[in-house]
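# Observations on chain architecture
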Amino acid sequence: MAAYGYYYGWKSFSEDDDRPEKPRRFGLTEMRSPDYSLMGNHALQDILESMDQFVDGLKFSGGAHSLMPNTFIKEITDLAHRHNVYVSTGDWAEHLLRKGPSSFKQYVEECKNLGFDTIELNAGSLKLPEEALLRFIRLIKSSGLKAKPQFAVKFERSEIPVAGDRAFGAYIAPVHHSSDVVEDVDLLIRRAERCLEAGADMIMIDADDLCKYADVMRTDMIAKIVGRLGLEKTMFESSNSRTSEWFIKRYGPKVNLFVDHSDVMNLECLRGHSLVKNNTSVLGSSYFLM
């Protein structure tokens, strides 16, 4: 036993800064599934067998599950669950809404049957009225799944509410959609707060124009989001190891981050674990081929 805790090829730093054991409510690491690149589940199995204590969630990015046979998806979700890892759909739901609200309900039921635990809703891509987004969150929750809306800091100008009071139920003239884009972190926070009130379990924050590159981090906006929504209810997309390092240094190991599967090891080192030099003795060889 090392001075700072148990040693299994990894050792923790300060015990006070450690995250709790899984299942965790904070300090989550959600990783992008390697399967979106059409690789088999052997790579994912290597990652989970060697590092499942550090991976909390698995996300199918870009609607990858829509291209896979249901039997293969179920194999992946079952594999993740055996390692106590939740599975998120990613932001594919917006493609189904073109068929109408009923198709979304069928989508939720299908996700549940396939073993997904969380349905992600990209608020920017959905282009839905706020009340409709809240209804979808309630629908997901009523089905026994978790809801995770995703927000970006940029909005079309037509989405910005017009200032001024109006009577309840008063007619509002329709506004044409515009390609004019503006930043509004206060609107992001207000909409995220309403989603949390409707039952959303966590808010995903898009990296674009906010935290995509470590040398141009929007520190004021990030601080405002964390201050209003809280670390426990917020997950930031981390595009690379430098961005992850910035978040850990600023907010500690308890910040929730979504990273690529290739960055899981680096992130855990940043959170407070050091990996033995011979990485291949800890990770399967296929991990380094991705």
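Just above, that's the structure.
Residues numbered from 1 in each chain as written. Predicted model: local features only at pLDDT ≥ 70, side-chain atom pairs only at ≥ 80, totals over all residues. Heavy atoms only, no water.

## Here we look at the packing of aromatic side chains
Inclusion rule: Two rings from Phe, Tyr or Trp (for Trp, the six-membered ring) form a pair when their centres sit within 6.5 Å of each other. Planes less than 30 degrees apart are called stacked, planes more than 60 degrees apart edge-to-face, and all others tilted. Geometrically, a lysine NZ or arginine CZ counts as sitting over a ring once it is within 6 Å of the ring centre and also within 35 degrees of the ring normal.
Per the counting criterion, the structure on display carries six aromatic pairs. When the ring of Trp246 is compared with that of Tyr251, the centres are 6.2 Å apart and the planes differ by 70 degrees; the resulting orientation is edge-to-face. Ring pairs connect the aromatic residues Phe236, Trp246, Phe247 and Tyr251, which therefore count as one cluster. Between the NZ or CZ atom of Lys59 and the centre of the ring of Phe258, over which it lies, the distance is 4.4 Å.

## A short note on the packing of helix H9 (residues 241–251) against helix H10 (residues 264–271)
This is how the line gets drawn: Angles shown run from 0 to 180 degrees and are taken between the N-to-C directions of axes, each axis being a line fitted to C-alpha atoms and, for helices, limited to the stretch in contact. Elements are defined by DSSP. Helices are runs of H or I of four residues or more, strands are runs of E of two residues or more, and each kind is numbered from the N terminus. By the definition adopted for this analysis, an angle is roughly parallel if under 35 degrees, roughly antiparallel if over 145, roughly perpendicular if from 65 to 115, and oblique otherwise. Here a crossing is called left-handed whenever its near helix is offset anticlockwise from the far helix by less than a right angle, and right-handed whenever the offset is clockwise. Residue contacts are defined here by distance: any two heavy atoms, one from each residue, within 4.5 Å place the two residues in contact. Here the nonpolar group is Ala, Val, Leu, Ile, Met, Phe, Trp, Tyr, Cys and Pro; Asp, Glu, Lys and Arg are the charged ones; every other residue, Gly included, is treated as polar.
Look at H9 against H10: their axes get within 10 Å of each other, and the N-to-C directions meet at 25 degrees. For the element pair H9 / H10, the angle class is roughly parallel. The crossing of H9 and H10 is right-handed. Counted together, Ser241, Ser244, Glu245 and Ile248 of H9 and Asn266, Leu267, Leu270 and Arg271 of H10 form the full contact between these two elements. Per-class residue counts for the contact of H9 with H10 are three nonpolar, three polar and two charged.

## Describing unusual backbone geometry
Following Lys22, the chain continues to Pro23 via a peptide bond in cis, the omega torsion being -5 degrees. Tracing the backbone through its elements, the reader meets Pro23 in the loop between strand S1 (10–12) and strand S2 (29–32). Of note in the backbone geometry, Asn84 takes a positive phi value of approximately 60 degrees without being a glycine.

All we've got here are geometric facts, nothing functional implied.
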